Amino acid sequence: MDVVGVEGETAAGSAGGRAVPAGEWEREPHPSDSLRTFGAVVQGLREHAGLSRADLAARVQYSKHTVESVELGRRMPDEAFVERAEEALGNTGALRRAARHLTRGEAGLAAWFRRWARLEREAVSLCTYECRLVPGLLQSEGYARALFENRIPLLTDEQLEAQVEARMGRQRMLRERPTVPFHFIVEEAVLRRRLGGAEVRRAQLDYVLEQTAPRNVTLQVMPLEAEYHSCMDGPLRLLETPEGRRLAYSEGQESGRLIGDSKEVRVLQQRYDTLRSQALHPKDSRALLERLRGEA
C-alpha cells in the first residue's frame with residue numbers, strides 16, 4: 001500500500017493568553033507514530049513533575065481536553081503549546097527537539113507501511129521489484145482506481161477517493177527528486193494484465209512510459225520467457241538512507257516487514273542485483289512496453 005500525508009488544521013498559536021477551546025484544533029484522523037511518541041513524552045514529563053492534566057492545561061493556557069488529546073497522539077501541537085509545555089515541564093529541551101520530528105498521520109496507510117513510507121521520502125536511492133501489480137509510483141489514476149474498486153472488503157466511495165488521491169500524491173517524489181535514482185523491475189505478466197479493461201491498460205502503459213522517461217528513473221521488465229529468476233520469493237523494496245544505511249521492505253497479504261538486519265538486507269540486495277542482470281535492458285524494456293501499447 002502506498003502513502004501520502006494528511007494535511008489538517010491547527011490553531012496557529014494565536015491564543016493570546018487565553019485557553020483554546022477543545023474543538024479549535026482539528027483532530028488528527030490518522031495519528032502518526034511520532035504524534036503518539038510526542039504525547040507519551042509530554043505525559044511522562046507531566047507525571048514526573050507531579051501535575052495533573054488540569055494543572056498542565058492551566059500552565060500552558062489550553063484546555064484539559066487539548067492536553068489529553070496531545071498526550072494520546074490525537075492532535076498536532078502548535079508551536080505555542082510546545083513552548084509553554086517546555087517551560088512548564090522543566091525546560092529540558094526534550095519537547096522542542098521531539099517537536100521537530102512530528103508528522104501527521106497518513107490516510108489509507110497500513111500500519112506496517114508507515115515507517116517505510118517516511119524512510120522512502122528521505123532515501124538517496126530506491127529500488128522496487130514487483131510481481132503482483134504495477135508499482136504505486138508508476139500507477140495511472142485509472143489503474144489505481146481499478147485496484148481499489150477490487151478491494152475486499154469493499155471500500156466506501158469516500159475511502160476509495162482518499163486512497164486514489166493518496167497514491168497519486170505520493171508520485172510527486174518522482175518529479176520533486178530529480179537527482180535521486182529510482183529503479184523498478186516489473187514482471188511482464190503484470191504489464192499484460194487487463195485490470196480495469198482495455199482502455200485502462202492502454203492508459204497505464206502510456207503512463208509507465210511517461211513516468212520512466214526521466215534520466216533518474218529506470219525500468220526493467222522481467223520477461224515471461226526468462227529461464228532464470230533470483231526473486232521468486234516475492235516483491236521486494238530496497239533503499240539507502242542519507243547516512244548510507246541500507247534497508248529493505250517485504251509485503252504480503254495484510255502484512256509487511258521492514259528489514260534492517262544488515263546480513264538479511266545484504267542477501268536481498270544480492271537477489272535484486274542478480275535480477276537486474278536477468279531482466280531486459282532498460283532500452284529493450286521500453287521497446288517491449290511500446291510494443292504492448294501497440295497491441296492493446
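Everything below is about the structure shown above.
Note that the coordinates shown come from a computational prediction; the quantities given were computed from them, not determined experimentally.

S.K.: I tried to follow the nonpolar core on my own but got confused; where do I start?
M.R.: Side chains of a nonpolar character, in soluble globular proteins, are inclined to be buried together. Ranked by internal contacts, the top residues of the largest apolar core, which has 34 residues, are Tyr-143, Phe-182, Phe-184 and Leu-191. By residue number, the principal contributor to this core is helix H11 (residues 198-211), which donates four residues. In this view, Phe-184 contacts Thr-128, Pro-135, Leu-137, Leu-138, Val-217, Thr-218, Leu-219, Gln-220 and Tyr-272; residues no more than four positions away in its chain are not counted. Ranked by size, the runner-up nonpolar core spans 19 residues in total, among them Phe-38, Val-67, Ala-88 and Leu-102.

S.K.: Before we go on, may I ask you to explain the environment of Gly-169 in this structure?
M.R.: For Gly-169, the location among the structural elements is in helix H8 (residues 157-170). A relative accessible area of 12% places Gly-169 in the buried class. Spatially, the C-alpha atoms of Gly-169 and Leu-137 are 9.4 Å apart, while their sequence positions differ by 32 residues.

S.K.: Even after reading the chapter, I still don't get the packing of helix H7 (residues 141-149) against H8, so can you show me in this structure?
M.R.: Two packed helices can be described by the angle between their axes and the distance between those axes. Two elements in contact, H7 and H8, have axes whose closest approach is 10 Å; the angle formed by their N-to-C orientations is 140 degrees. Compared by their axis directions, H7 and H8 come out oblique. Our pair here, H7 against H8, has a crossing hand that is right-handed. Contacts between H7 and H8 involve Glu-141, Ala-144, Arg-145, Leu-147, Phe-148 and Glu-149 on the former and, on the latter, Leu-160, Glu-161, Gln-163, Val-164, Arg-167 and Met-168. Classifying every residue of the contact of H7 with H8 gives six nonpolar, one polar and five charged.

S.K.: In this structure, what is going on with the packing of helix H2 (residues 53-60) against helix H4 (residues 79-88)? I would like to understand it.
M.R.: At a minimum axis separation of 9 Å, H2 and H4 run at an interaxial angle of 115 degrees. Where H2 crosses over H4, the two elements pack in a sense that is right-handed. Here Leu-56, Arg-59 and Val-60 of H2 lie close against H4, whose contacting residues are Phe-81, Arg-84, Ala-85 and Ala-88. For the contact of H2 with H4, the class distribution of residues is five nonpolar, no polar and two charged.

S.K.: What's the story with the packing of aromatic side chains in this structure? I'm lost.
M.R.: The geometry of an aromatic ring pair comes down to the distance between the two centres and the angle between the two planes. With the rule as written, the count across this model stands at two aromatic pairs. Plain terms: the ring middles of Trp-116 and Tyr-249 are 5.6 Å apart, the flat faces sit at 25 degrees to each other, and that makes the pair stacked. Pair noted here: Trp-116 is in helix H6 (residues 114-122) and Tyr-249 is in strand S5 (residues 246-252), with a separation of 133 residues, a long-range link. You'll find Trp-116 and Tyr-249 in the same group, each marked buried.

S.K.: Help me understand the pairing of strand S4 (residues 236-240) in this model?
M.R.: Of all the five residues making up S4, four are buried; the element is thus mostly covered by neighbouring parts of the structure. The pairing of strand S1 (residues 125-130) with S4 spans five bridges and is antiparallel. Considered in S4, the bridge of Ser-125 is made with Glu-240. Of the pairings in the sheet, the one linking S4 to S5 comprises four bridges and is antiparallel in character. Across the sheet, residue Glu-240 finds its bridge partner in S5, namely Arg-246. Two successive antiparallel strands, S4 and S5, enclose a turn made up of five residues, where Gly-244 displays a positive phi of approximately 90 degrees.

S.K.: When you look at the pattern of salt bridges in this model, what are you seeing that I'm missing?
M.R.: Any two side chains of opposite charge can pair if their charged atoms end up close together. Tallying each qualifying case throughout the model produces 17 salt bridges. As a salt-bridge pair, Arg-53 and Glu-71 come within 2.7 Å of each other at their nearest N and O atoms. Remark: Glu-71 occurs in helix H3 (residues 64-71) and Arg-53 occurs in helix H2; sequence separation between them is 18 residues. Classification of Glu-71 by relative accessible area gives buried; the value is 4%. Where Glu-161 meets Arg-145, a salt bridge forms, and the shortest distance between an N and an O atom there is 2.6 Å. With Glu-161 in helix H8 and Arg-145 in helix H7, the pair connects residues that are 16 residues apart, well separated along the chain.

S.K.: What's the story with the sheet that holds S1 in this structure? I'm lost.
M.R.: Backbone-to-backbone hydrogen bonds pair the strands of a sheet. The strands run either parallel or antiparallel. Reading across the sheet, the six strands line up as S3-S2-S1-S4-S5-S6 and stay open at both edges, with mixed pairing between neighbours. Edge positions in the sheet fall to strand S3 (217-222) and strand S6 (255-259), since each of these pairs with one other strand and no more. Taking the axes of each pair of neighbouring strands and ignoring which way they run, one obtains an average angle of 10 degrees across the sheet. Of the pairings in the sheet, the one linking S1 to strand S2 (residues 182-187) comprises five bridges and is parallel in character.

Calculation criteria
- Residues numbered from 1 in each chain as written.
- Predicted model: local features only at pLDDT ≥ 70, side-chain atom pairs only at ≥ 80, totals over all residues.
- Heavy atoms only, no water.
- Core = buried A, V, L, I, M, F, W, Y, C linked by side-chain atoms within 4.5 Å.
- Buried < 20%, exposed > 50% of the residue type's maximum accessible area, 1.4 Å probe, protein only.
- Helix = DSSP H or I, 4+ residues; strand = E, 2+ residues; numbered from the N terminus.
- Contact = heavy atoms within 4.5 Å.
- Axes fitted to C-alpha atoms, helices over the stretch in contact; angles between N-to-C directions.
- Parallel < 35°, antiparallel > 145°, perpendicular 65-115°, else oblique.
- Left-handed = near helix turned anticlockwise from the far one by under 90°.
- Nonpolar A, V, L, I, M, F, W, Y, C, P; charged D, E, K, R; others polar.
- Phe/Tyr/Trp six-rings, centres within 6.5 Å; stacked < 30°, edge-to-face > 60°.
- Pairing = 2+ DSSP bridges.
- Salt bridge = Lys/Arg side-chain N within 4 Å of Asp/Glu carboxyl O.

Without other data, these values stay purely geometric and don't point to any function.
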